[in-house]
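# Structural overview for review
Listed here are the chains, written in short residue letters.
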Amino acid sequence: MNTFDVHLLGSDAGETIPGVLSFVGEDASGSFGLLAHHVRFMTVLAFGLARLRLVDGRTRYVGLPGGLLYFVDNALWLSTRRYLVGDDAAVLGETLAQQV
């Protein structure tokens, strides 16, 4: 299967999530998805949750108060002030709303 890495960059933390099959996020134009080997792409993400589908079948969510997304050389770079990562979308959404 074709996968890519997601590099999360926050003001106080950073991490890489390997083995991502797809990314679904939202910008000013609406919801969109990215797969491995997508062409170079850059956008500003809206406040909310993004979804990552992993090669092992799990779904991970990234909560963020907006950020810059850059997909290049089969890697997704997401830069934001802060982010939360987890498996439960409801919990992440609630936690993110409380932090704003």
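We now turn to the structure provided with this report. (Residues numbered from 1 in each chain as written. Predicted model: local features only at pLDDT ≥ 70, side-chain atom pairs only at ≥ 80, totals over all residues. Heavy atoms only, no water.)

### Observations concerning the environment of Leu 34
We count it as follows: A run of H or I in DSSP becomes a helix once it reaches four residues, and a run of E becomes a strand once it reaches two; helices and strands are each numbered from the N terminus. In this scheme, a residue with accessible area under 20% of its type's maximum is buried, one over 50% is exposed, and one in between is partly exposed, where area comes from a 1.4 Å probe on protein chains only.
Looking at the secondary structure, you find Leu 34 in strand E3 (residues 30-35). Exposure remark for Leu 34: the relative accessible area of 1% places this residue in the buried category. Put simply, Leu 34 and Gly 10 are 24 residues apart on the chain and 21 Å apart in space, counted from C-alpha to C-alpha.

### Notes on a nonpolar patch on the surface
Inclusion rule: Exposure above 30% relative accessible area and the lack of any salt bridge qualify a residue for a patch; like charges then connect within 9 Å, and the nonpolar side chains Val, Leu, Ile, Met, Phe, Trp and Tyr within 5 Å. Only the protein chains shown count as cover for residues, and all accessible areas are computed by the Shrake-Rupley method using a 1.4 Å probe. We define a salt bridge as a side-chain nitrogen of Lys or Arg found within 4 Å of a carboxyl oxygen belonging to Asp or Glu.
A contiguous nonpolar patch, built from Met 42, Val 44 and Leu 68 and spanning about 290 Å² of accessible area, is present on the exposed surface. Tracing the chain through its elements places Leu 68 in strand E5 (residues 59-72). In this structure Leu 68 comes out as partly exposed when scored by relative accessible area, which is 39%.

### As for the side chain of Thr 80
To keep things clear, this is the line we draw: Polar contact criterion, stated in full: a pair of N or O atoms within 3.5 Å, where within protein one must be able to donate a hydrogen and the other to accept it, and residues adjacent in sequence count only if both atoms are side-chain atoms. Should any heavy atoms of two residues lie within 4.5 Å, those residues are considered in contact.
Among the structural elements, Thr 80 can be located in the loop between strand E6 (75-79) and strand E7 (84-86). Here the side chain of Thr 80 touches Gly 66 through a polar contact of 2.6 Å, landing on its backbone oxygen. Look past the residues within four positions of Thr 80 in its chain and what remains in contact with it is Leu 9, Gly 10, Ser 11, Leu 64, Pro 65, Gly 66 and Gly 67.

### Here's the deal with the packing of aromatic side chains
Centre distance and the angle of the planes are the two values used to describe a pair of aromatic rings. Heads up, the rule is: Two aromatic rings, drawn from Phe, Tyr or Trp (for Trp, its six-membered ring), form a pair once their centres lie within 6.5 Å of each other, and the interplanar angle then sorts them: stacked below 30 degrees, edge-to-face above 60, tilted otherwise.
In the structure shown here, the tally under the stated rule is three aromatic pairs. When the centroid spacing of 5.2 Å and the interplanar angle of 75° are considered together, the rings of Phe 4 and Phe 71 count as edge-to-face. In this pair, Phe 4 is assigned in strand E1 (residues 4-9) and Phe 71 in strand E5, connecting sequence segments 67 residues apart. On the numbers, 6.1 Å between centres and 45° between planes, the contact of Phe 23 with Phe 32 is tilted. Residue Phe 23 is classed as buried on the basis of its relative accessible area, which comes to 1%. Of the aromatic side chains, those joined through ring pairs into one cluster are Phe 23, Phe 32 and Phe 41.

### Notes on the environment of Val 44
For Val 44, the location among the structural elements is in strand E4 (residues 41-54). Sequence separation between Val 44 and Gly 30 is 14 residues; the distance between their C-alpha atoms is 11 Å.

Limitation: the analysis is restricted to geometry and does not speak to function.
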